[in-house]
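Chain by chain, the residues run as shown.
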Amino acid sequence: MSNIKKITRAMELIAASRIIKAQQQARAAAPYARELTRAVSALATFSNVDHPLTTEPEAPKRAGVLLITSDRGQAGAYSSSVIKAGEQLNEKLHREGKEVVTFITGRKGQAFYNFRRRPLEAAWDGFSDSPTYANAREISDALLEAFLTPTEEGGVGEIHVVYTRFVSMLTQRPEVIRLLPLEVVEGEAPPAEDEALPLYEFEPDAETVLDEMLPLYVSSRIFYCLLQSSASELAARQRAMKAATDNAEQLIESLTRQANQARQASITQEISEIVGGASALADATSE
């Protein structure tokens, strides 16, 4: 039990150190994501270009869902919470008459679907606690390809992302966003109606700029979700390992107390037997 306590304590400290790095990555990516969002907002507002990523399809029959889970366990209810949110989204889409096409990151989500023999369109793993932009770009390329493919040829008409938002060290909240068709959102909330968008000159033209910027925007949103999920996973693991360490310490104290009581009772019994034997021997000698 002492060895288990040492292991859980070490895992708690490792998770705590990695959370700081994950938060720093999220803060470093925020200015780029914010300015990219403002540029895309201006393009979508002033260019009057009908782009496939911004066009709402009529009665889509297939919907893609990206579920972001963890590669490893020992993180409390982190993965189960986001899987539950994904199941609720799937039920909602099924009620709307849509076929769900599933994309998953993380071995925990893959194990959940494989155990139930559910099909997966694509899966990625190995980076849940330390994602990179290259990972986000790989995922976004697959999602964009599925979205731009006609539904009758196996594509999807909309794409949703289920991830865990890092609120604080004590609070991590599963959230669902619709990624495509594009809903431009800046920061934590949509821009105010009276907010002035920047004015841009489009070279060579707005449609070409949209072709280049929208995939970057989608990759940025996915990278943001991966970073949020990474920080949430590490925070959940730190909290779970701290609880495991505390429980191990309490169990060690309880077992030590019981062992001491049993040892004391054994010693008392031996002393009583020695005293009783000595008394009987003394009585026999005196006779």
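Residues numbered from 1 in each chain as written. Predicted model: local features only at pLDDT ≥ 70, side-chain atom pairs only at ≥ 80, totals over all residues. Heavy atoms only, no water.

In the annotation of an unreviewed UniProt entry, the protein chain is listed under the name ATP synthase gamma chain and assigned to Naumannella cuiyingiana. Under the UniProt heading Sequence similarities (unreviewed entry), the note attached to the protein chain is "Belongs to the ATPase gamma chain family." In UniProt, the protein chain has this text filed under Function (unreviewed entry): "Produces ATP from ADP in the presence of a proton gradient across the membrane. The gamma chain is believed to be important in regulating ATPase activity and the flow of protons through the CF(0) complex." (UniProt positions renumbered as here; feature names shortened; annotations may be inferred.)

> Where do I start with the overall build of the protein chain in this structure?
The number of helices and strands found in the protein chain is five helices and five strands. Along the protein chain, helices (α) and strands (β) appear in the sequence α-β-α-β-α-β-α-β-β-α when read from the amino end. Here the analysis covers contacts within the protein chain between residues at least 6 apart in sequence; of these, 76% occur between residues at least 24 apart. (Helix = DSSP H or I, 4+ residues; strand = E, 2+ residues; numbered from the N terminus. Contact = heavy atoms within 4.5 Å.)

> For this particular structure, what's the right way to read the pattern of salt bridges?
Once their charged atoms are close, side chains differing in charge can pair, the charge on each being opposite to the other. For the structure shown, the criterion picks out eleven salt bridges. Taking the shortest distance from any N to any O, the salt bridge between Arg-137 and Asp-141 comes out at 3.4 Å. Taken together, the residues span about one helical turn, with Arg-137 and Asp-141 both in helix α4 (residues 133–148) at a distance of four residues. Assessed through its relative accessible area of 31%, Arg-137 is described here as partly exposed. Ionic pairing is found between Arg-173 and Glu-175, a salt bridge with its closest N-O pair at 3.2 Å. With relative accessibility at 18%, the residue Glu-175 sits in the buried group. Several salt bridges share partner residues, and in doing so they unite Lys-92, Glu-96, Lys-98 and Glu-158 into one network. (Salt bridge = Lys/Arg side-chain N within 4 Å of Asp/Glu carboxyl O. Buried < 20%, exposed > 50% of the residue type's maximum accessible area, 1.4 Å probe, protein only.)

> When you look at the pairing of strand β2 (residues 99–105) in this model, what are you seeing that I'm missing?
Side chains on a regular strand alternate between the two faces of the sheet. Among the seven residues that make up β2, six are buried, leaving the element largely enclosed by the rest of the structure. Of the strand pairs in this sheet, strand β1 (residues 62–68) and β2 are connected by seven bridges, and their pairing is parallel. Directly across from Gly-64, in β2, lies its bridge partner Val-101. For the crossover that starts at β1, traverses helix α2 (residues 78–95) and ends in the parallel β2, the hand is right-handed. In terms of strand pairing, β2 meets strand β3 (residues 122–124) through three bridges, oriented parallel. Of the residues in β3, the one forming a bridge with Phe-103 is Ala-122. With respect to chirality, the unit in which β2 leads through helix α3 (residues 107–115) into the neighbouring parallel β3 is right-handed. (Pairing = 2+ DSSP bridges. Right-handed = clockwise from strand over helix to strand, strands pointing away.)

> Quick question: what am I supposed to make of the sheet that holds β3 here?
Where strands meet in a sheet, backbone hydrogen bonds hold them as pairs that are either parallel or antiparallel. Taking strand neighbours across the sheet as the criterion, the five strands line up as β3-β2-β1-β4-β5 in an open arrangement whose pairing is mixed. Strands at the two margins of the open sheet, each flanked by one partner only, are β3 and β5 (172–180). Across the sheet, the axes of successive neighbouring strands diverge by a mean angle of 20°, strand direction being ignored. Sheet topology note: the β1/strand β4 (residues 158–166) ladder contains five bridges and is parallel. Residue pairing for β4: Leu-67 is matched across the bridge by Val-162. Strand contacts of α3: β1, β2 and β3, with the helix running at about 140° to β2, the strand carrying the most contacts. (Axes fitted to C-alpha atoms, helices over the stretch in contact; angles between N-to-C directions.)

> Before we go on, may I ask you to explain a negative patch on the surface in this structure?
On the surface, a cluster of negative charge is made up of Glu-201, Glu-203, Asp-205, Glu-207, Asp-211 and Glu-212. Mapped onto the elements of the fold, Glu-207 is located in helix α5 (residues 206–286). Since its relative accessible area comes to 44%, Glu-207 is described here as partly exposed. (Patch = residues over 30% accessible without salt bridge, like charges linked within 9 Å, V, L, I, M, F, W, Y side chains within 5 Å. Areas by Shrake-Rupley, 256 points an atom, 1.4 Å probe, with all protein chains shown as cover. Lys, Arg positive; Asp, Glu negative; His and termini not counted. Charge placed at Lys NZ, Arg CZ, Asp CG, Glu CD.)

> Just checking my understanding: could you explain the side chain of Ser-140 for this structure?
Looking at the secondary structure, you find Ser-140 in helix α4. Among the residues examined, Ser-140 registers a relative accessible area of 0% and is labelled buried. Of note is the side chain of Ser-140, whose polar atom sits 2.6 Å from the side chain of Ser-219. Excluding anything up to four places from it in sequence, Ser-140 contacts Val-218, Ser-219 and Ile-222. (Polar contact = N/O pair within 3.5 Å; in protein donor to acceptor, adjacent residues only side chain to side chain.)

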